[in-house]
Amino acid sequence: MTSTTEATAVERPPARSTGRRRRRSGWATPYLFLAPYGVLFIGFILAPAIYGIWISLHDYNYLLPNQPWAGLNNYFDLFKSGSRDGADFWRSIRATAIFTVFSVPLLVVIPLAIAMLLNRKFPGRTFFRAVFFTPYVLGVAVVGVLFRFLLDPTIGMLNFYLEKLGFAGDYPWTTQVPWAWVGLVGMTVWWTLGFNAIIYLAGLQDISPELYEAAEVDGATAWDKFRNVTLPGLRPVLLFVLTLTLLASANMFGQSYLITKGAPENSTRTAIYYISQVGLQQYRQGVAAAMSYILALMLILISLLNFRLFREKEES
Amino acid sequence: MTSLAPGGATAATGPDPQEPARTAKPRKPGAKTPLGQVLFWLMLGVLSLIFLAPLLWMVSTSFKTPEASTSLELSWIPQPWDVSAYQTLFSAGSANPVLRWFFNSMFSAAVNAILIVAVDACAAYALARMDFPGKKLIFTTVITTIFLPSFVFLIPNFLIVSQLGWLDSLWAIIVPSAGGAFGVFFLRQFFSTLPKELEEAAIIDGANQWKIFIKVILPLSRPALSTLAVLSFLTNWNDFLWPVYVLFSPETQTLPSGLAKLQNAATVNYPIIMAGAVVASVPVIMIFIIAQRQVIESVSRSGLKG
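Definitions and cut-offs
- Residues numbered from 1 in each chain as written.
- Chains lettered and ligands numbered in written order.
- Predicted model: local features only at pLDDT ≥ 70, side-chain atom pairs only at ≥ 80, totals over all residues.
- Heavy atoms only, no water.
- Helix = DSSP H or I, 4+ residues; strand = E, 2+ residues; numbered from the N terminus.
- Buried < 20%, exposed > 50% of the residue type's maximum accessible area, 1.4 Å probe, protein only.
- Contact = heavy atoms within 4.5 Å.
- Areas by Shrake-Rupley, 256 points an atom, 1.4 Å probe, with all protein chains shown as cover.
- Rg over C-alpha atoms; globule rule 2.2 N^0.38 Å.
- Buried area = accessible area lost by both parts, 1.4 Å probe.
- Salt bridge = Lys/Arg side-chain N within 4 Å of Asp/Glu carboxyl O.
- Expected span 1.5 Å × (residues − 1).
- Phe/Tyr/Trp six-rings, centres within 6.5 Å; stacked < 30°, edge-to-face > 60°.
- Lys NZ or Arg CZ within 6 Å of the ring centre and 35° of its normal.
- Lys, Arg positive; Asp, Glu negative; His and termini not counted.
- Polar contact = N/O pair within 3.5 Å; in protein donor to acceptor, adjacent residues only side chain to side chain.
- pLDDT = per-residue confidence, 0-100.

### Re the overall build of chain B
Of the regular secondary structure elements, chain B holds 16 helices and zero strands. Sorting the 306 residues of chain B into buried and exposed places 56% on the buried side. Taking the contacts inside chain B whose residues are at least 6 apart along the sequence as the reference set, 75% of them involve residues at least 24 apart. Summed over all atoms, the accessible surface of chain B reaches about 13200 Å², with 70% contributed by carbon and sulfur.

What follows is the structure, given as structure tokens:
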């Protein structure tokens, strides 16, 4: 590398400046700059991604002396009825799907409404922006233990105020479905709404005010402006919010772990929760790794579908 | 976070997204009518209340006696004020050494942030400002991993960490997350926007790459570096799933995993749990207040392409 650059630097005057720069540093310099990160990247990202596949092909149990080759059995077993983990795994996928189906629409629509509210000019805007964003900064552990308390059927604040409003009844937010789903989804909306609202807010501010002015000149109503200016202007942002929220929902763990502990009868135990139990508590890593790859594959397919649908809409 | 495309590079220094709106003419004449104004403030007020009430309740409960915290008649002002939850949490020799957890969290989040900024800045510099064989392949490989869902790494990283002897040690929560691709991508985008003339001038002065990196690039990139540090700190501080499974003993716990253990304890004591939650919230809220613009901007920029 060094020798060729020096040669060209002599032959071709225009390349002199780059040639001089390269002469100052050896061929190894860029690799030295990359090395520290490279070690971490290979050790904890690249190697694990491949190692995980290898684990999933073995009857891997961390506590046993040998991990016999299992081929694709870990995968096939999950699709067989009557297998040890199959039913539980699909039940956990179902829990994740239920959570996703109910939380994603709320987390796409409500933050948009809040962003439009915050997009006006009014005193204290920065303060209110912070109010809605603060829960998100807190992390699932804090928010989870807090809502376990607020949602408590007997001593929780929610049931207390519902009773004051005339909806008496000790609603079992933490122990029974469908109440538990309402609690988990509601808590998640409260917790993460600010994140999406901020993304929308930035998107709204990138829409040219002239478009609104032009619409006004044409006598457009507020709804017309929303449909014909705001929504089209937000399309890429909407796709981004939708994708991120879908991925976050599929990763749901802390809320179930802290609030319902999977109750009742594991019906709110999400996929990640179950995978972590099988792999990190029962130490059956082979099956758990297979499950995580099946889930990953499902997510990739959903994301692709998502992009495809959005693109088609844009073309039509 | 994945689409910090070219424009994203200006995340930290770019114009406040509020600015255009501030100078723009008011868009909605409807909002100017008194009725519209009242409705607007009413909605904002109710929503803010919904957002603030749980947090105020958390603080209020942490100052209550255990009996008062489970009273069926709700009261917002603790009667009597009781700081024993905090005393218990911070007392030495307690089964739940929150002070220790606090330092564990502080230490690991800070070291993790420093590690990420240091290694990512070096790598991003090479990828942004140097030409070398394999650059494209390396960059593509790194970026592709952004799209892998994080749970794919859960099982293999657990085994890797256990083989390294890091289970139940803070190394397990400091090191593995530093391999992530986001910071490299984020800093590379920023470094790429700096003018070429800067380093050319430095080369004429006889500086080598390391000197250019330290003396020219890093000082100019302070906003981007601190944004990455803040984001990394917050992420590490709040991480939950991983510490719950890799930290076992009370002395190695961090605040999030400690809180989960507190809640699973046989005798649930809400003032203590809420006090723990307050302790876990205060640093992130403080960082958020200080770095609010940076945090919000990097989040909002992440949603905009190009």
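Here the narrative resumes.
### Examining the overall build of chain A
For chain A, the count of helices and strands is 14 helices and zero strands. When the helices and strands of chain A are read in sequence order from the N terminus, they spell out α-α-α-α-α-α-α-α-α-α-α-α-α-α. Scaling as 2.2 N^0.38, a compact globule of 316 residues should have a C-alpha radius of gyration of about 20 Å, whereas chain A reaches 26 Å, well beyond that. Over its C-alpha atoms, taken along the principal directions, chain A stretches across nearly 90 × 75 × 40 Å. The buried share of chain A, reckoned over its 316 residues, is 54%.

### Re the interface of chain B and chain A
Taken together, the contacts link 115 residues of chain B with 106 residues of chain A. The contact between chain B and chain A buries some 10000 Å² in all, and 74% of this surface belongs to carbon and sulfur atoms. Taken together, the connections running from chain B to chain A amount to one salt bridge. Close ionic contact of B:Glu73 with A:Lys164 constitutes a salt bridge, the shortest N to O distance being 3.9 Å.

### Observations concerning helix α9 (residues 182-193) of chain B
Residues and elements named next belong to chain B. Between its first and last C-alpha, α9 extends 17 Å over twelve residues, near the 16 Å set by a 1.5 Å rise per residue. Along α9, nine of the twelve residues are buried, which leaves the element largely enclosed by surrounding structure. Among the residues of α9, Gly183, Val184, Phe185, Phe186, Leu187, Arg188, Gln189, Phe190 and Phe191 are the ones counted as buried.

### Some points on the environment of B:Val299
In this fold, B:Val299 is placed in helix α16 (residues 292-301). Residue classification places B:Val299 among the buried residues on the basis of a relative accessible area of 2%.

### Describing the pattern of salt bridges
All told, the structure shown has eight salt bridges over all chains when counted by the stated rule. The partner of A:Asp77 in a salt bridge is A:Lys80, and the shortest N-O contact between them spans 3.2 Å. With relative accessibility at 48%, the residue A:Lys80 sits in the partly exposed group. One salt bridge connects B:Glu199 with B:Arg129, and the closest N-O pair in it is separated by 2.4 Å. Taken together, the residues span a long stretch of sequence, with B:Glu199 in helix α10 (residues 196-204) and B:Arg129 in helix α5 (residues 98-129) at a distance of 70 residues. For B:Arg129, a relative accessible area of 3% corresponds to the buried category.

### Re the packing of aromatic side chains
Taken as a whole and assessed by the stated rule, the structure comprises 49 aromatic pairs over all chains. Judged by centre distance (5.1 Å) and plane angle (55°), the rings of A:Phe147 and A:Trp190 are tilted. Taken together, the residues span a long stretch of sequence, with A:Phe147 in helix α6 (residues 125-150) and A:Trp190 in helix α8 (residues 179-205) at a distance of 43 residues. Classification of A:Phe147 as buried rests on a relative accessible area of 9%. On the accessibility criterion, A:Trp190 (6% relative accessible area) is buried. Among the aromatic residues, ring-to-ring pairing joins A:Phe122, A:Phe127, A:Phe128, B:Phe40 and B:Trp41 into one connected group. Looking at B:Arg188, its charged tip hangs above the ring of B:Phe139, at a distance of 4.1 Å from the centre.

### A closer look at the environment of A:Ser256
Residue and element names in this part refer to chain A. Looking at the element boundaries, Ser256 is found in helix α12 (residues 254-260). Between the C-alpha atom of Ser256 and that of Tyr136, which follows or precedes it by 120 residues, the distance is 17 Å. In contact with Ser256, not counting residues within four places along its chain, are Leu184, Lys261, Gly262, Thr268, Thr270 and Tyr273.

### Section: the side chain of B:Asp82
Residues and elements named next belong to chain B. When you line up the elements, Asp82 lands in the loop between α3 (66-69) and α4 (84-90). It is Lys64 that comes nearest to the buried, bridge-free Asp82 among opposite-charge side chains, at 11 Å. Among the polar contacts made by the side chain of Asp82, one reaches the side chain of Ser84 at a distance of 2.9 Å. Excluding residues within four positions of it along the chain, Asp82 makes contact with Ser62, Phe63, Lys64 and Thr65.

### Some points on the confidence of the model for chain A
Scored by pLDDT, chain A comes out at a mean of 88, with 91% of its residues at no less than 70. In this model, residues 1-23 of chain A is a region of pLDDT below 50 whose contacts with residues beyond four sequence positions or in other chains number 16 contacts.

### With respect to the environment of B:Ala92
Residue and element names in this part refer to chain B. In this structure, Ala92 sits in the loop between α4 and α5. With relative accessibility at 78%, the residue Ala92 sits in the exposed group. C-alpha of Ala92 to C-alpha of Ser105: the two residues are 13 residues apart in sequence and 18 Å apart in space.

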